[in-house]
Amino acid sequence: IHQFLSLQSKPVSMHLFFILLISSFSASSAFSGHGFSYTYRINMISNTALRSNGNISTSSRIQETLNPCVVLMKQIIERHQHLWEYDGGIYSLAQGVVYWKPPSSAYEAMEDAIKDTNNPLHSYTLDEGLPSLISALGDKLSRENKLAAENTSIIVTSGANQAYMNCVLTFMSEGDLCVVFKPYYFNHVMAIQMTRGQGALLVGPIDDDGYPSTDWLRNQLESNPNIKMVTITNPGNPTGISIPTEKLQEIIELCRLYDAWVIFDCTYEQFDHTGENSFLINGTTSGETGFKCFSDEHVINIFSFSKGYAMAGFRVGYVAVNTQEDKGKDAFAQMVKVQDTIPICTSRITQHAALGALTAGRSWVLSNVHTLEAGRKAILDALSPLEKTIGGTGAMYCMAKLPGGIDDMDFAEELVEKYGIAVIPGVFCGLPGWIRVCYSNLATDECLKAAARLKQGILDLCVDK
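To keep things clear, this report deals only with the structure shown in the data block.

Rules behind the numbers
Per-chain numbering applies: the sequence of each chain, read as written, is numbered from 1 onward. Where totals are concerned, whole chains, interfaces and linings use all residues; where local detail is concerned, this predicted model gives features only for residues with pLDDT of at least 70, and gives and counts side-chain atom pairs only at 80 or more. In computing side-chain properties, one takes all heavy atoms of the structure into account and sets aside hydrogens as well as water. By definition, two strands form a pair when at least two bridges between them are found by DSSP. In DSSP terms, a helix is any run of H or I states spanning at least four residues, a strand is any run of E spanning at least two, and both are numbered starting from the N terminus. Contacts are assigned to residue pairs with any non-hydrogen atoms lying within 4.5 Å of each other. For helices, the fitted line uses only the C-alpha atoms of the stretch in contact; every axis is such a line through C-alpha atoms, and the angle between N-to-C directions lies from 0 to 180 degrees. Think of a 1 Å grid over just the protein atoms. A cavity is a set of points where a 1.4 Å probe fits yet cannot get out, a pocket is an open set with protein on both sides within 12 Å along at least five of seven lines, and lining residues have an atom within 4 Å of a point. Grid points are joined across faces, edges and corners, and a volume is the space filled by probe spheres set on the points. Three classes are used, and their members are as follows: Ala, Val, Leu, Ile, Met, Phe, Trp, Tyr, Cys and Pro are nonpolar, Asp, Glu, Lys and Arg are charged, and the others, Gly among them, are polar. Here the angle decides the label: under 35 degrees means roughly parallel, over 145 means roughly antiparallel, 65 to 115 means roughly perpendicular, and every other value means oblique. Throughout, a crossing is termed right-handed when the near helix is turned clockwise from the far one, and left-handed when it is turned anticlockwise from it by less than a right angle.

This part is about the sheet that holds strand S13 (residues 388-391). The strands making up a sheet associate through hydrogen bonds between their backbones, and the pairing can be parallel or antiparallel. Pairing within the open sheet is antiparallel, and its four strands lie in the order S13-S14-S17-S16. The open sheet has two free edges, formed respectively by S13 and strand S16 (424-425), since each of these has just one partner strand. Contacting S13, strand S14 (397-401) and strand S17 (434-438), helix H13 (residues 373-383) crosses the sheet at an angle of about 5° to S14.

Structure (structure tokens):
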């Protein structure tokens, strides 16, 4: 792109100091179905005096939005990478990814789509997604999540984060409030901050078991009619806790009574290690289990191919809406407006990849998830010298509380520099003085080595200091 721009640039007289240009491959190169665009900035000072009063600025809401912590940790890793290049490199336990690769069926589906000269890969799909993928997802939701296909409408999104943004823009008006529970998933909070402002967030506590406090939620719903949306991630990011079905049902009932939407982020549906939401799938001889979701009309379920199917870079997620009654039908229709405005559709070729991945099935995902057990135990042991830890029962995370007085940001950088380990500072999850640790992004042997480094760092910086 830089080479392209260098050939296109011409001297231009401008009155603005910064001009932001957004271009697209879609119109000029017939790439509409691939979802590619790029942004570039021209910095030019006109020979004519700049006519500016100095008030040009970015949005106050975006300025108040959290900085992306994964980007920050990658910068810290890059800053200290040279110190570890001869000692195995820096092990990242920061970003929530898995160490395995997508199933071969995902790549085979893409290859077949590319070879098919009658496949319009260059063009848009329906806003909702490829009909064949929508159909396969309906079958999956019915079989693995107990969401009846005939009552469920689906929108394929560019990852679960875009699915959540679709919900924010569909359900929240100015003055409405969204409940999140601390510690929270930072990108959920960022979506609210940048679109509705910090004042639209209502942050609740978890109880001693690490579950969202339903007593607090009940009190808030009774006293605050502006609560429009309640966000639950299960299994939890960053808590690493699977929430029992009974607790989820209680949240659903409270929100029904007080007319609030429940957004369930089920990104980690295959990582329910303790089986809190498991059920035996009918017709299986191998004892395969599914992950129970809820089909209530005021419940929206979000899913992702990024974790279990290891397709984070493909950017494919989806949102499921119960459209059996008018309320759900209207919600879906309004959400399609958001979809049409943001991506129009998810990249066609990656939708083919997702369709191929589904043929590998839940059993393929679970066989990979089971390989995390040794690393999970090693990370929990590494954190054991600390006063308090939570997690390890779901998703791919644990959290731990640092001793009083230790700044989690400083600790995280020192851990990278001196011990070659990257974690997420808890301040980004609403818990300063804590850290979030991911145990899925390294294969077992490397995870065990990383756990040993982490434990030594904790002993040196937190216990023996």
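Text resumes after the structure shown.
This next bit is on the layout of surface pockets. Taken as a whole, the largest pocket holds about 680 Å³ of empty space. Lining the largest pocket are 33 residues; nearest its centre among them are Gln95, Asn161, Tyr185, Asn187 and Arg315. When contributions to the lining of the largest pocket are tallied by element, the ones reaching two or more residues are helix H4 (69-80), helix H7 (160-171) and helix H8 (186-196). In terms of residue count, H8 provides more of the lining of the largest pocket than any other element does, six residues in total. Looking at side-chain class alone, the lining of the largest pocket contains 16 nonpolar, 12 polar and five charged residues.

With that settled, the discussion passes to the packing of helix H6 (residues 131-145) against helix H12 (residues 348-369). Contact geometry for H6 and H12: axes closest at 10 Å, N-to-C directions at 30°. Of the possible angle classes, the one that applies to H6 and H12 is roughly parallel. The way H6 lies across H12 gives a crossing that is left-handed. In contact with Ser132, Leu133, Ala136, Leu137, Lys140 and Glu144 of H6, H12 contributes Gln351, Ala354, Leu355, Leu358 and Arg362. Along the lines of polarity and charge, the residues of the contact of H6 with H12 split into six nonpolar, two polar and three charged.

Here the idea is plain: a probe the size of a water molecule rolls over the atoms and shows the empty space left. Tallied over the entire structure, the rule returns four cavities of 30 Å³ or more. The space that makes up the largest cavity amounts to roughly 200 Å³. As for the largest cavity, its lining consists of 18 residues, of which Phe181, Pro183, Ile232, Thr233 and Asn237 are closest to the centre. With three residues, the top contributor of residues to the lining of the largest cavity is strand S7 (residues 227-233). Within the lining of the largest cavity, the residues separate by chemical class into 11 nonpolar, seven polar and no charged. Contributing to the lining of the second largest cavity are Asn234, Leu248, Phe264, Asp265, Cys266, Phe291, Lys292, Cys293, Phe294 and Asn301. Residues belonging to the lining of the second largest cavity are distributed by class as follows: six nonpolar, two polar and two charged.

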